[in-house]
Amino acid sequence: MQRRGAISYDSSDQTALYIRMLGSCVIFKQLSARDVRVRSRAGFETERRGSHPYIDFRIFHSNSEIEVSVSARNVRRLLSFQRYLRSSRFFRGITVPNSSNILDDDYNGQAKCMLEKVGNWNFDIFLFDRLTNGNSLVSLTFHLFNLHGLIEHFQLDTMKLRRFLVMVQEDYHSQNPYHNAVHAADVTQAMHCYLKEPKLSESLTPWDVLLSLIAAATHDLDHPGVNQPFLIKTNHYLATLYKNTSVLENHHWRSAVGLLRESGLFAHMSLENRQLMESQIGDLILATDISQQNEYLSMFRSHLDRGDLCLENANHRHFILQMALKCADICNPCRTWELSKQWSEKVTEEFFHQGDIEKKYHLGVSPLCDRQTETIANIQIGFMTYLVEPLFGEWARFSNTRLSQTMLGHLGLNKASWKGVQREQSGSGDDVDPTFEEMDSDILPQEPRLS
Ligand SMILES: [Zn+2]
C-alpha cells in the first residue's frame, strides 16, 4: 500500500485507481472574500476563502477580466469567486446580458412542458438547460420544491428560495466542462426519480425530501474543476484545512451552509433545526466522496444480506438517502446513450484539462488525465466496471423496480458501446492504454451499439 495524502491505495487495484482519480476531487477557490464560519462535527471552524493559492487557477481559464488583482479587503460583500467575477464586471461597466430577457415565450413554454415530465429517467437536462437559458438548476429545483409541497410545508418565502437557488447556481463554475450547474441539476433530477421510488416515497418525511434536494443541488458547489490529489500536490489551503480528507466534499458542504445562512431561507426555523439541517446535509454531501465508496457499499451490502433495513428508522432512512445521492452522482452511465455519451465527453475534457495543467507546470500527470495515452472509452469502461456496476447492482437489490432495471439496461448497453469504440480504435492503430485491456470481461452480452 502506498499513501498519498490521506488516500490509501494499492497500485495494483484498478478500483482504487478510479476511486483515487474520480473520487478525490478537490476544491479550488481563490478569489472569494468570504470567510465562512460553519459548524463542524469538531466544533466551529473557519474556512478562509480569500487566501492565495500556490497556483492561481484564474490563469487557466484566462480571460481578460480576471487579470485584475484583487485584495480581499476590497470586497465588502461576502462573495464567491463566481459572484465576485460577475460583480467586478458590473462595477467596471461591462454588461452581462440579462438572461431573463433573452427567453421568449415559446422557450419558456417548452421548458414548462418538460417539467411536467421531470420524473422521467430519459429527461434531457441539456435541452432543459438550453430552454431555460442556462438556468436549469434554479428552474428545476424550484419546481421540485413546489412539486413536493416543501414551500407550503416549511412556510418558505419564495423570493428567498429563488435568491438562494440563484446563488447556488452562480457558485458553480460555468467554465468547468463537467462539474458545473448542469451536473448539479442532473443529479437533483436523478435524486427526484429515486425519491419517487415506492420504498422511499412511502417512508420519507418532508424533512428528508427537503434535505435530499438541497444536498443534491449543492453537492459539488464551487467545484474548481481539478481533483483532490491536485490540490494536495499544489499545497492548496483547502487541502491543509481539511487535512487532505474529503477536501472537495467538505468545501461543497461548507459552501452550501454559507449560502443557506446568507439567504436566510430558514431563518424562521429554530436554531436547533437549522443546525440539524446543516449537519445532515453535510452527511449527505460527504457520502459523495468516492474514495469512501467501498465503506458505504459494504455497509449497504451487509444490510441487504441481513434484510434488516427498516425505513421507519430515521438513521436507516438517512443511510438510504446517502446511497441514493451517491447513485444520483454517478448515474451518467445509466442514462440513455445520447445523454451518457455527452457526460462522458465532458468529464474526460475536464480530466484532460487538469492533465494539461499538470504537464505545463511539471506537476506529474494524474491517472486518467493524460490525453496522449487515455481515451474516453477506456476511462468509461473502467469507471463502469469498478464503480458504477457494483453500486447500481446493490441499489437494484434494495429497490428492484422498473427504474432500476432500466438503469442497469442502459449501463450494459453503454458499456458495450464503449467497448465497440475501443475495438474500433485499437483496430485503427490508435493507442489503447494496456492497463485497461484486461478489464474486458464478457459480463454484458449485448453487441456494441455505435451511434
Ligand atoms: Zn457530482
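What this report covers is the structure whose coordinates are included nearby. Computed from a prediction, not measured in an experiment: that's the story for all the values here. (Residues numbered from 1 in each chain as written. Predicted model: local features only at pLDDT ≥ 70, side-chain atom pairs only at ≥ 80, totals over all residues. Heavy atoms only, no water.)

**Observations regarding the overall build of the protein chain**
To be explicit about the condition: The helix and strand labels rest on DSSP assignments: H or I over at least four residues marks a helix, E over at least two residues marks a strand, and numbering proceeds from the N terminus. Type-normalised accessible area, obtained with a 1.4 Å probe on protein chains alone, sets the label of each residue: buried when under 20%, exposed when over 50%, and partly exposed for intermediate values. Throughout, a residue-residue contact means that at least one pair of heavy atoms, one from each residue, lies within 4.5 Å. Only the protein chains shown count as cover for residues, and the accessible areas themselves come from Shrake-Rupley with a 1.4 Å probe.
Helices and strands together make up the secondary structure of the protein chain, namely 20 helices and four strands. Relative to its full complement of 451 residues, the protein chain shows a buried share of 57%. Here the analysis covers contacts within the protein chain between residues at least 6 apart in sequence; of these, 76% occur between residues at least 24 apart. Counting only carbon and sulfur atoms, one obtains 49% of the accessible surface of the protein chain, whose full area is about 19600 Å².

**Re the packing of helix α6 (residues 136-147) against helix α11 (residues 206-218)**
Note the cut-off: Lines fitted to the C-alpha atoms define the axes, with helices restricted to the stretch that makes contact. Angles between their N-to-C directions range from 0 to 180 degrees. Angle categories are assigned with fixed cut-offs, so that under 35 degrees is roughly parallel, over 145 is roughly antiparallel, 65 to 115 is roughly perpendicular, and the rest are oblique. Polar here means any residue other than Ala, Val, Leu, Ile, Met, Phe, Trp, Tyr, Cys and Pro, which are nonpolar, and Asp, Glu, Lys and Arg, which are charged; Gly is therefore polar.
Between α6 and α11, whose axes approach to 11 Å, the crossing angle comes to 175°. One element, α6, and the other, α11, form an angle in the roughly antiparallel class. Seen from α6, the contacting residues are L137, T141, L144 and F145; seen from α11, they are L210, L213, I214 and A217. Class assignment for the residues of the contact of α6 with α11 results in seven nonpolar, one polar and no charged.

**Some words on the coordination of the zinc ion**
Test applied: Coordination shells were defined by N, O and S atoms within 2.8 Å of each metal, extended to 3.2 Å for Na, K and Ca; water is absent from the atom set, which can make sites look incomplete. Tetrahedral means four donors with every angle between 85 and 135 degrees, whereas square planar (four donors) and octahedral (six donors) require angles over 155 degrees between opposite donors and between 65 and 115 for all others; sites fitting neither are termed irregular.
At 2.0 to 2.2 Å from the zinc ion lie its protein donor atoms, namely H183 (NE2), H219 (NE2), D220 (OD) and D329 (OD). Considering all four donor atoms around the zinc ion, angles at the metal cover 86 to 171° and the coordination shape is irregular. The exposure class of D329 is buried, given its relative accessible area of 13%.

**What to know about the pattern of salt bridges**
When the charged atoms of two side chains with opposite charge come close together, those side chains can pair. This is how the line gets drawn: Salt bridge, as used here, is a side-chain nitrogen of Lys or Arg placed within 4 Å of a carboxyl oxygen of Asp or Glu.
Tallied over the entire structure, the rule returns 12 salt bridges. Of the charged contacts, one joins R301 and E394 as a salt bridge, the two residues approaching to 3.0 Å between their closest N and O atoms. Of this pair, R301 sits in helix α16 (residues 293-306) while E394 sits in helix α19 (residues 376-398), and the two are 93 residues apart along the sequence. For E394, a relative accessible area of 9% gives the class buried. Its salt-bridge partner being D308, residue R306 comes within 2.9 Å of it at the nearest N-O pair. In this structure D308 comes out as partly exposed when scored by relative accessible area, which is 29%. Linked by salt bridges that have partners in common, R301, D305, E394 and R397 make up one network.

**Re the nonpolar core**
To keep it simple, the criterion reads: Residue types Ala, Val, Leu, Ile, Met, Phe, Trp, Tyr and Cys, when buried and joined through side-chain atoms within 4.5 Å, form a set referred to as a nonpolar core. The start and end points of each domain follow an automatic or database-based domain assignment.
By size, the foremost hydrophobic cluster in this structure holds 104 residues, and its most contacted members are Y194, F392 and W395. Considering each element in turn, this core owes the most residues, 11 residues, to α19. Two domains each put at least three residues into this core: domain 1 (5-329) and domain 2 (337-437). When residues no more than four places from it in sequence are discounted, the contact partners of F392 are Y194, C327, I330, C331, C334, M407 and L408. Among the nonpolar cores identified, the runner-up in size contains 10 residues, and I232, Y237, L238 and Y242 belong to it.

**Some details on the state of the cysteines**
Defined as follows: Cysteine sulfurs are considered disulfide-paired once they come within 2.5 Å of each other.
Scanning the model with the defined rule gives zero disulfides in all. Of all cysteine sulfurs in the structure, the one in C331 sits closest to C193, which takes part in no disulfide; the separation is 8.4 Å. Of the residues examined, C193 reaches a relative accessible area of 3% and is grouped as buried.

**A look at the packing of aromatic side chains**
Going by this rule: Stacked, edge-to-face and tilted labels apply to pairs of Phe, Tyr and Trp rings (six-membered ring for Trp) whose centres lie within 6.5 Å, assigned for plane angles under 30 degrees, over 60, and everything in between, in that order.
Tallied over the entire structure, the rule returns 11 aromatic pairs. When the centroid spacing of 6.1 Å and the interplanar angle of 70° are considered together, the rings of F300 and F319 count as edge-to-face. One end of the pair, F300, is in helix α16; the other, F319, is in helix α17 (residues 314-329), and 19 residues separate them in sequence. Judged by its relative accessible area of 7%, F319 is buried. Here the aromatic cluster, defined as three or more aromatic residues joined through ring pairs, consists of W121, Y194, F300, F319, W395 and F398.

**Considerations on the side chain of T218**
Turning to its location among the elements, T218 is positioned in helix α11. T218 sits in the buried class, given a relative accessible area of 0%.

**Section: the environment of Y296**
Along the polypeptide, Y296 turns up in helix α16. C-alpha separation for the pair Y296 and L391, spaced 95 residues apart in sequence, amounts to 9.5 Å. Among all residues touching Y296, those that are not within four sequence positions of it are L286, A287, F319, Q322, M323 and K326.

**Quick word on the environment of K199**
By the secondary structure assignment, K199 is in helix α10 (residues 198-203). Residue K199 is classed as partly exposed on the basis of its relative accessible area, which comes to 43%. In this structure, the C-alpha to C-alpha distance between K199 and N400, residues 201 residues apart in sequence, is 9.7 Å. When neighbours within four sequence positions are excluded, K199 is seen to be in contact with L311 and F398.

**Some details on the packing of helix α14 (residues 247-263) against helix α15 (residues 271-286)**
The following threshold applies: Left-handed is the label given to a crossing in which the near helix is rotated counterclockwise from the far helix by less than a right angle, and right-handed is the label when the rotation is clockwise.
Two elements in contact, α14 and α15, have axes whose closest approach is 9 Å; the angle formed by their N-to-C orientations is 150°. As summarised for this structure, α14 and α15 are arranged roughly antiparallel, according to the angle between their axes. Handedness of the crossing formed by α14 with α15: right-handed. Where α14 approaches α15, its residues E249, N250, H252, W253, A256, V257, L260 and R261 are matched on the opposing element by M277, E278, S279, I281, G282, I285 and L286.

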